[in-house]
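An overview of the molecular structure
Chain residues, written in single-letter form:
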Amino acid sequence: GTDHAGIATQNVVEKQLAQEGKSRHDVGREKLLRRLWEWKRQYGDTIIHQLKKLGASCDWPRTRFTMDDEYSEAVNHVFVELYKKELIYRGQYIINWCPRCQTALSDEEAEHKETKGALYHIHYPFKDDPKKFITVATTRPETMLGDTAVAVHPEDNRYKKLIGKMLILPLMNREIKIIADEFVNPEFGTGAVKVTPAHDPNDFDMGQRHKLEFINIMHPDARLNDNAGQFKGMDRFKGRKAVVDALKESGLLEKIENHIHAVGHCYRCNTVVEPYLSKQWFVKMKPLAQPAIKAVQQGKIKFYPERWTKVYLNWMENIRDWCISRQIWWGHRIPVWYCVGEGSCTLKCQEPIVSETTPEKCPHCGSKNLRQDEDVLDTWFSSWLWPFATFYWPQKNKDLEYFYPTSALFTASEIIFFWVARMIMAGLEFMGDIPFSDVYIHGTVRDTKRRKMSKSLGNAIDPLEIINEYGADALRFSLIINSGQDLLISKKKFEIGRDFANKIWNAARLVLMNTSLSSHKIDLTKDVHPKNLDLPSRWIISKFYSILSGVNRAVEDYRFSEAENLVYEFFWATFCDWYLEIIKNKFSSADIQKIAFFLLEQSIRMIHPFMPFVTEEIWQHLGVEQEALTLQTWPKAKDKLIDSKVEKDMQTIIDIVTTVRNIKVQWNIKLQQEIDCIFSAAQKSHRDLLETNFDTLKFLLKIKARNIQTKSIKTHNAAIGVIDHINFAVPLGELIDVAQEKNRMGAYINEQKKFLDDLKNRLQNENFLKKASPEVIAKEKERLETLKSKIKELEKVLNNLV
C-alpha cells in the first residue's frame, strides 16, 4: 500500500496553484483538498504500477491507503486512546519549522547538513559602564534581536564575577542579565553565549530554568516581525546582513570567523529549518519506547545487518517527545474540537474536546458552535499503525489474527526512526506483541557521485524507463547484486542484469534444442546413477547442490547479494561456460540429456525469485508442470549428492584447461589450433585422473594425441605448467617463431622491470609516504610484490626458450 505523504503531496499541488498565481489560502481548504484527491487519483498509484512492473507478487486487492475511511478511523482511535492515557499533550515548545512549507517538522525530518557559515563575535555593553562589554559568539546574529540573557558556565573563572550583572542588548537597547548555566560550553567561541529562548531548543530549556522572557522575532514565513524593531519586514537572511552591518556601524562587531556547522534542512523542500516557538501536539515517547527497547535487547526483534541494532537502541534510549501536528491541510485532521463560545460557556469549555467522531455539542455547556483543530497529523502518525491498521483494526477479525505479527520488514536505514521504531512501539502498545521479528536494512540508491537520488536534484532514475530499456529482470538483478550497501547507480549498471538474462535464455535454448524431455520429471537418484556418470556430470550435480546449500544459508540470513552472486557464478561460469561446453558433443547420451535438462529446470527455480520474468517464460517451454513457476517449490537440498572429491578432481581438470588456454593466449596461438601437450604425474591417482578424462581435455584444448608419462618432461622450447602435482608442457617449436617470441618476451619483461623501478622509487619517496594514506601505501606494496612475482615467472618462461 501507500501513505499520503502529507508535506510532499501538498507541495506538489501548491506548486501547481503557484503557476496559476494562487496560494492555498486563495482557494480555501475544501477546494485544495478536492485538488489533492484529484492528484492522488491521477498519480497516486504510480508506485503501485512500478511495483507490478517489477514483478512484486502482492495480494493487490488488499492494497491500502493511509487515508482510506477504515484506516482513518484507526488513526483517530489511536489519538484518542493515547490522549486518555495522557501520552498526547499540547504545549508551547521550540520545534523545527519549515518557513517554505510553513509547518512543523520532527527532528528526523530536519536533515542536518554540513554548511559553510560564520561565527560573529559581538560586544554586549554593560549597563553600568557602556564602554566595557562582554563578547558573545553566534552563528545567527539576526536572532540576537530576541535575546533575553547572556549565559556563561558557573565555573568559568573569566566570568564568575560578572554573573548577575546587567547588559544592554545591542541595536535593541533592552536590558538583559548575565546568567550562569552548566549547559554552556566554555570552549565554544568566547565561552559566553546569547540566550534566545524563542529561537533555539537549548536556549528554550535555559529560558525555562531561569524564567526568562520568550520573545518571538519572526513571522511563520521567516520574515522579521514587530519584535525585531527597525529590521521588521525583512527576510531572516537579509535581516542577518542588515544586523551585521548595523553592528559594524556601531562598532560592536569584533570579528567574523569562518565556521562550518550542521544546519537543519527540510527533508522535502531543502529549505533551512528555523527553530521556532510554537504551540503543537506531542506524543510522550519514553513510556512507549521502553517495551520496544526490551524487545530488541531480548532478541525478539533482530536487525540485519546486526550493526543497525546499536543505531536503533541509541536513538530509542535518547528519544525525545514526538511533535505530531503539521500546519498543512492534506492528512488526518487532528480529532480535537474547541468550544468557540455562547452565553452559557464555562471555564471547562476551554479544554479541548478529543473525540474519534465529530461531537454534536460541547460536553460542558451544550453549545453546538464547535471548531475543529486546524492542524493535521504527521504522516508517520498513520504509518506507524501499518502492521495492524491495514487489517481493519481495532475491529477483531481472522485476517488480523492470521497476519499479525508478520515475519520480516525490509526497509532503508533513513527510516529506522521515522517508521521502524514507531511501528514496534505501536505494535506493542496496541496489539500487545511485536509487529515483526526481523528487520532487514538495505542500502540507499545513490548516483555515481554518492548523492541520494531525488527528484529535487534531478538525478533520479525512473524504474519504468530502465524496464523498457533493459527489462525488469535486469533491474531486479542489478539492484540485488549490490544490496545490503548503498548502491551507486547509473544506467550502465543494469547491463550486468541484461547480459545475465540473455545468458539464461541462450542456455535454455541450447538445452531444449538438444533434449526431448518436455514432460519428464527427473529424479537424479533414480533415473541416473551418479557412480556410472563421467566426472563432469558427477561434478555438475555436486556443484549444484553445494551452491544450493550456500544460497539457502545466504537467503535465510537476508544476504541477498551473496545469494545472487552464488547463483550467477554457478549458472554462468559453472553450468554454461564449463558443463554445457564439455557436453556439446555428448547430447546423444540419454543420461547427459537428463542431467542437462534437470539442472536447467532446477536452476530456473533457483533464479526465479531474483529474475521472475525470463525464468517464467522458459518454464512454460519446459513442460514440467502446467502451473506457473512462481507456484512451484524451491529446489530441495540433497547433501548425499555432494561429493567433495569429485569437485576437487574436476577443479584440477578445469585448472589444467585454464592454464593451457592461457599459454595459447600468451604465445599468440589460436584457441582452436591443435597442439601437443605432454603430461607427467608420479602418482597413479593423478595418472588415472588424466586417463579417464583425457577425452574432455582433448576436446577442450584441441590436443592431437594422448601423451601421459611418469618421467619428467623436457621443458626447452616449451611452455610449462604444474597443477596439483601434475606437470604438463606444450612444445612451442612448430607453433611459434622462437627467436621472434624471445625478443617480444624480453621487451615485455624490460617494460615490466621499468614499472617495478618506478614503483620502488615511489615507495622510497618521503613526500609520497607522508601524504599517502596507510591503505594506499599498503596497496602499492602489494602491487610491488605482485610485479616481482610476475617478472620472475616471465623470466622462467623465457629461459625455457633456446
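Residues numbered from 1 in each chain as written. Predicted model: local features only at pLDDT ≥ 70, side-chain atom pairs only at ≥ 80, totals over all residues. Heavy atoms only, no water.

By the element assignment, asparagine 693 lies in the loop between α23 (684-692) and α24 (694-701). Taking the relative accessible area as the measure of exposure, asparagine 693 reaches 4% and is therefore buried. When residues no more than four places from it in sequence are discounted, the contact partners of asparagine 693 are Leu535, Pro536 and Ile653. (Helix = DSSP H or I, 4+ residues; strand = E, 2+ residues; numbered from the N terminus. Buried < 20%, exposed > 50% of the residue type's maximum accessible area, 1.4 Å probe, protein only. Contact = heavy atoms within 4.5 Å.)

With that out of the way, let us pick up the sheet that holds strand β9 (residues 253-266). If you trace the three strands from one edge of the open sheet to the other, you get β4-β3-β9, paired in antiparallel fashion. At either margin of the open sheet sits one strand with a lone partner, and together these are β4 (133-138) and β9. Taking each pair of neighbouring strands and ignoring which way they run, the sheet shows an average axis angle of 20°. Bridge analysis of strand β3 (residues 110-125) against β4 gives six bridges, and the strand direction is antiparallel. Bridged to histidine 121 within β4 is alanine 137. (Pairing = 2+ DSSP bridges. Axes fitted to C-alpha atoms, helices over the stretch in contact; angles between N-to-C directions.)

Quick look at unusual backbone geometry now. Residue proline 305 is reached from tyrosine 304 by a cis peptide bond, and omega for that bond is -5°. On the secondary structure map, proline 305 appears in the loop between β11 (302-304) and α9 (308-317). One non-glycine residue, tyrosine 392, adopts positive backbone phi at about 65°. Topologically, tyrosine 392 is positioned in the loop between α11 (386-389) and α12 (398-403). Exposure remark for tyrosine 392: the relative accessible area of 42% places this residue in the partly exposed category.

Enumeration according to the criterion identifies 45 aromatic pairs in this entry. A ring pair is formed by tryptophan 315 and phenylalanine 417, whose centres lie 4.8 Å apart and whose planes are at 25°; its orientation type is stacked. A residue pair is termed long-range when its members are at least 10 positions apart, and tryptophan 315 in helix α9 and phenylalanine 417 in helix α13 (residues 416-431) qualify at 102 residues. Plain terms: the ring middles of phenylalanine 391 and phenylalanine 403 are 5.1 Å apart, the flat faces sit at 5° to each other, and that makes the pair stacked. One end of the pair, phenylalanine 391, is in the loop between α11 and α12; the other, phenylalanine 403, is in helix α12, with 12 residues separating them in the sequence. Judged by relative accessible area, which is 15%, phenylalanine 391 ranks as buried. The structure contains a cluster of three or more aromatic residues connected by ring pairs, namely Phe477, Phe500, Phe544, Tyr545, Tyr568, Phe570, Phe571, Trp572, Phe575 and Tyr579. Just above the ring of phenylalanine 65 sits the side chain of lysine 40; from NZ or CZ to the centre is 4.3 Å. Positioned above the aromatic ring of phenylalanine 768 is the side chain of arginine 762, whose terminal nitrogen or guanidinium carbon lies 5.7 Å from the ring centre. (Phe/Tyr/Trp six-rings, centres within 6.5 Å; stacked < 30°, edge-to-face > 60°. Lys NZ or Arg CZ within 6 Å of the ring centre and 35° of its normal.)

Turning to helix α18 (residues 535-556), a few remarks are in order. Taking 1.5 Å as the rise per residue, α18 with 22 residues should run 32 Å; its terminal C-alpha atoms sit 32 Å apart, in good agreement. For α18, the tally of buried residues reaches 16 of 22 residues, placing the bulk of the element in the interior. After α18 finishes, the residue tyrosine 558 shows a positive phi value of roughly 60°. (Expected span 1.5 Å × (residues − 1).)

By secondary structure assignment, the location of isoleucine 595 is in helix α20 (residues 590-607). Taking the C-alpha atoms as reference points, isoleucine 595 and asparagine 761, separated by 166 residues in sequence, lie 57 Å from one another.

Here we have four strands laid out as an open sheet, ordered β23-β22-β25-β24, and mixed in their pairing. Edge positions in the open sheet fall to β23 (708-709) and β24 (718-723), since each of these has one partner strand only. Pairing of strand β22 (residues 678-681) with β23, which is carried by two bridges, proceeds in the parallel orientation. Counterpart to serine 680 in the pairing with β23 is glutamine 709.

Looking along a regular strand, one sees the side chains alternate between the two faces of the sheet. As judged from the five bridges shared by strand β18 (residues 408-412) and strand β19 (residues 438-442), these two strands associate in the parallel manner. Within the sheet, the bridge partner assigned to alanine 412 lies in β19 and is histidine 442. The handedness of the β18 to β19 crossover, carried by α13, is right-handed. (Right-handed = clockwise from strand over helix to strand, strands pointing away.)

All right, on to the packing of α18 against helix α22 (residues 644-666) then. In contact at an axis separation of 9 Å, α18 and α22 are set at 115° when each is read in the N-to-C sense. Handedness of the crossing formed by α18 with α22: left-handed. Of the residues in α22, those touching α18 at Leu535, Pro536, Arg538, Trp539, Ser542, Lys543 and Ser546 are Val646, Glu647, Asp649, Met650, Ile653 and Ile654. Class assignment of the residues belonging to the contact of α18 with α22 gives a composition of seven nonpolar, two polar and four charged. (Left-handed = near helix turned anticlockwise from the far one by under 90°. Nonpolar A, V, L, I, M, F, W, Y, C, P; charged D, E, K, R; others polar.)

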